[in-house]
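# Tertiary structure, described
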Amino acid sequence: MQQVANYMYYAGGGGLILIGLYMVMAKTNLVKIILGLSFLDTGTHVLLVAIGYVRGRTAPIFSEGMAETTPVVDPVPQAMVLTAIVIGVGVLGLALALAIQVYRHYGTLDVRNIRGLKW
Amino acid sequence: MVSPSLLVAIPLASAFAAPLVGLGSKKLAKCIPPLALAANLVIGLLLLPRVLEKAIVVSIGGFPPPFCINLMVGPLGLSLAILISLVGLLISIYATGYIKTEPTEKYHALFLLLATGALGIVLTGDIFNLFVFFEILCVASYGLTAYEKDRAGTEAAMKYLIQGTVGSTFILVAIGFLYGLFGTLNMADIATKVPSAEPLHLFLILAFFVVGFGVEAAIFPLNAWLPDAHSSAPSSVSAILSAIAIKTGVYAIARITYTLMNAQGFLIFISLIGIITLVVGEIAAYRQKDDIKRMLAYSSIGQIGLIVFAIGIGTSLGVFGALFQLVNHALAKCLLFLAAGYMIYRAGSKKLSDMQGLARRMPLTAVAFTVAAFSLVGLPPFAGFMSKLSIVSAALKTGRSAYVAFAAIALAATVVEGGYFFRVVQGLYFRGGSKGESVGPTKAKEAPAAALIPILVLAALVIAIGVYPQLVTNVLDHAAKELLDRGAYITNVLEAL
């Protein structure tokens, strides 16, 4: 049981990434593909946080009334995740905007019918 | 003494200044990208003599490495930064007249962001920082591909975005694993700790990195986005994507394999991937009998394959050849796309058949196009000859049968390359319009001065490097040594203060 608890977050992150990859590769609706990209992002973020997590420690934010020796988790992956979230939001916004443009040109979001160029 | 961090700061600041200035005066906003990149070029050239003696390390935030994010301005990073500034400057001059779709400030802002990303990638010494700059470059290029908002551009940008985002995820996961293993993100610090890790873990991380950066570098089989994106984007965008954006992926792969991982056993795989990419790209380019930009895009894939193959050779001559070919391809392909841009504009279509006999109406553009095409094929008086010669002789000097066989395949692919470039040049000069003015594109005339200047400067550079290779070989020699000597890289960064 301890083993499961240790690897739970890694498995969760990896699972989300796999779901995202499946959605990007197998789905035909453009919006579902973009949702898949969002899953990929989220999975990576969970994985990164899991790498920096240490069991039983608290968030690395020091405030008043908190002893300086309080054990905290590694803050670097969390900083990375914050950056990655911002990037992910930007990319998703652009992707949705492009999907709207694609819909205006083709009148459909089904990638099987969007074949102006050779796939 | 100017700080190398200006190389990244100037284009970043001007990217945001361009739309603001555009509120006041549209004409002034147009001048910002050329000015910013010209300043960058001057700074780069000023720093070059010092950097060739000793690499400059800039620590940001006042902490010593590895506790800060640092810029590592070595010969390799700086020579690529100068290349990016030069090509970017010429393309931005071209774009002042070529880009007409309003609002042009947005184009200029995205263009400068793309340059920022590329400059950051080649100069940074921190692996996560590299990822961030890489994303800046990617997002800017998705936006630029769809800039015209036409049918083909939007679809190409959508494909590019989906594949690029999946690639970025792979990079981020690899960085996460790297941090989990070593507890640091500083590239020099990771390089010192790599020998203590298990080879299997390192192999997995390296594979993730190669897949991730391979999407941007367009190595086979991750290159599906490139022909669409490069052929559907406006020509000035195709030029910067082909000349700069895909090269940064190659740089990242080379930096990670050599400096970060010291993966000598992996090099043969890299060469193999490169050769497959080369063959696929050249054959696909040969099959494009219709669309000139699609042909050039596939030719870019082939050339990237050649560069990746040369990086995998692993000797100093091989890496030197790879960098030399990288510079030559950046100049020549940029020139080809810029020339093709106005040829398409004047002929009124992308089709090669409509461009026959165009050389009579646009003699200067056609001559420049021919120079670049011959240089890419590797004909002697032009720059491409020297770099291909170094790559082939490096492959033969290794004495390993695999590399000798690869070199033979590369030479065979060059014949295919010659086939399609000569076909275009023949069409430009000797087909159509033989009965005088009545046949061929009648209204075509020479490109305007703002477009002709960058085209002719690039053609002059291609010939100058071909006749007098010492212009660049000295610097590239230092750059190749930097890539192979990881001990010096580590001491330079970690003992900077």
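Keep in mind the model is a prediction, meaning the values are calculated, not measured.

## Here we look at the overall build of chain A
Helix and strand counts for chain A come out as 3 helices and 0 strands. Going from the N terminus to the C terminus, chain A shows its helices and strands as α-α-α. Since a compact globule built from 119 residues should have a radius of gyration of about 14 Å, the 19 Å found for chain A marks it as more spread out than a globular shape. A principal-axis box enclosing the C-alpha atoms of chain A has dimensions of 60 × 35 × 20 Å. Across the 119 residues in chain A, those meeting the buried criterion constitute 34%. The contacts in chain A between residues at least 6 apart in sequence include a share of 50% that link residues at least 24 apart.

## What to know about the overall build of chain B
Scanning chain B for helices and strands turns up 19 helices and 2 strands. Taken over C-alpha atoms, the radius of gyration comes to 22 Å for chain B, in line with the 23 Å a tight globule of 497 residues would show. The dimensions of chain B, computed from C-alpha atoms along their principal axes, are 75 × 60 × 40 Å. The 497 residues of chain B split such that 64% are buried.

## A word on the interface of chain B and chain A
Taken residue by residue, the interface counts 36 residues in chain B and 35 residues in chain A. The junction of chain B with chain A conceals about 3000 Å² of combined surface from both sides, 79% of it contributed by carbon and sulfur atoms. When residues of the side of chain B that touches chain A are traced back to their parent elements, those giving at least two are α5 (127–145), α6 (151–182) and α9 (225–232) of chain B. Element by element, the count of residues in the side of chain B that touches chain A is highest for α6 of chain B, at 21 residues. Residues of the side of chain B that touches chain A, tallied by class, amount to 20 nonpolar, 8 polar and 8 charged.

## Brief notes about the pattern of salt bridges
Under the counting rule described, the total for this entry stands at 8 salt bridges over all chains. Between R112 of chain A and D110 of chain A there is a salt bridge, and its shortest N-O distance comes to 2.9 Å. By relative accessible area, which is 19% here, D110 of chain A ends up buried. Between E482 of chain B and R255 of chain B there is a salt bridge whose closest N-O contact spans 2.9 Å. Taken together, the positions of E482 of chain B in helix α18 (residues 470–484) and R255 of chain B in helix α10 (residues 235–260) put the pair 227 residues apart, joining distant regions of the chain. By sharing partners, the salt bridges in this structure join E155, K159, D228 and R294 of chain B into a single network.

## Some thoughts on the environment of L28 of chain B
In this fold, L28 of chain B is placed in helix α2 (residues 26–53). L28 of chain B gets classed as exposed once you look at its relative accessible area, which sits at 52%.

## Some points on the nonpolar core
With 220 residues, the main nonpolar core has I127, F209 and I292 of chain B as its most contacted residues. With 21 residues, the single largest contributor to this core is helix α13 (residues 316–347) of chain B.

## Brief notes about unusual backbone geometry
All names here are of chain B. In this structure, P221 follows F220 across a cis peptide bond, with omega equal to 0°. Among the secondary structure elements, P221 is positioned in the loop between α8 (199–217) and α9. One non-glycine residue with positive phi stands out, namely K149, at about 60°. In this structure K149 comes out as exposed when scored by relative accessible area, which is 52%. For N262, which is not glycine, the phi dihedral falls at a positive 55°. For N262, the location among the structural elements is in the loop between α10 and α11 (267–287).

## Considerations on the packing of aromatic side chains
Enumeration according to the criterion identifies 23 aromatic pairs over all chains in this entry. Taken together, a centroid distance of 6.2 Å and an interplanar angle of 55° make the contact between F374 of chain B and F382 of chain B tilted. Under the relative-accessibility criterion, F382 of chain B is labelled buried at 13%. A connected cluster of aromatic rings, assembled from ring pairs, spans Y94, Y98, Y342 and Y345 of chain B. In this arrangement the basic side chain of R151 of chain B is found over the ring face of Y106 of chain A, its NZ or CZ atom lying 4.1 Å from the centre.

## Examining the state of the cysteines
Residue and element names in this part refer to chain B. Enumeration according to the criterion identifies 0 disulfides over all chains in this entry. Cysteine C31 remains unbridged, with the sulfur of C334 as its closest cysteine sulfur at 20 Å. Not engaged in a disulfide, the cysteine C334 finds its nearest cysteine sulfur in C138; these two sulfurs lie 20 Å apart.

## Examining the side chain of T169 of chain B
Residue position: T169 of chain B is located in helix α6. On the basis of relative accessibility, which here comes to 6%, the residue T169 of chain B falls in the buried class.

## Brief notes about a nonpolar patch on the surface
Residue and element names in this part refer to chain A. A grouping of I19, V31, L35 and F39 is seen on the molecular surface, where their side chains present a nonpolar patch of about 300 Å² in accessible area. The element that contributes the greatest number of residues to the nonpolar patch is helix α2 (residues 30–52), accounting for 3 residues. Turning to its location among the elements, F39 is positioned in helix α2. Taking the relative accessible area as the measure of exposure, F39 reaches 30% and is therefore partly exposed.

## Comments concerning helix α19 (residues 486–494) of chain B
Residue and element names in this part refer to chain B. Turning to α19, its buried residues are R486, Y489, I490, N492 and V493. Angular distribution of buried residues about the axis of α19 spans 165°; they occupy a single face of the element. Elements in contact with the buried residues of α19: β1 (56–60), β2 (69–73), α7 (187–193), α10 and α18.

## Let's talk about the side chain of S242 of chain B
Position of S242 of chain B relative to the elements: it lies in helix α10. Excluding residues within four positions of it along the chain, S242 of chain B makes contact with H230, K247, S300, H329, K333 and F337 of chain B.

Reading guide: rules and limits
- Residues numbered from 1 in each chain as written.
- Chains lettered and ligands numbered in written order.
- Predicted model: local features only at pLDDT ≥ 70, side-chain atom pairs only at ≥ 80, totals over all residues.
- Heavy atoms only, no water.
- Helix = DSSP H or I, 4+ residues; strand = E, 2+ residues; numbered from the N terminus.
- Rg over C-alpha atoms; globule rule 2.2 N^0.38 Å.
- Buried < 20%, exposed > 50% of the residue type's maximum accessible area, 1.4 Å probe, protein only.
- Contact = heavy atoms within 4.5 Å.
- Buried area = accessible area lost by both parts, 1.4 Å probe.
- Nonpolar A, V, L, I, M, F, W, Y, C, P; charged D, E, K, R; others polar.
- Salt bridge = Lys/Arg side-chain N within 4 Å of Asp/Glu carboxyl O.
- Core = buried A, V, L, I, M, F, W, Y, C linked by side-chain atoms within 4.5 Å.
- Phe/Tyr/Trp six-rings, centres within 6.5 Å; stacked < 30°, edge-to-face > 60°.
- Lys NZ or Arg CZ within 6 Å of the ring centre and 35° of its normal.
- Disulfide = S-S within 2.5 Å.
- Patch = residues over 30% accessible without salt bridge, like charges linked within 9 Å, V, L, I, M, F, W, Y side chains within 5 Å.
- Areas by Shrake-Rupley, 256 points an atom, 1.4 Å probe, with all protein chains shown as cover.
- Arc of directions from axis to C-beta.

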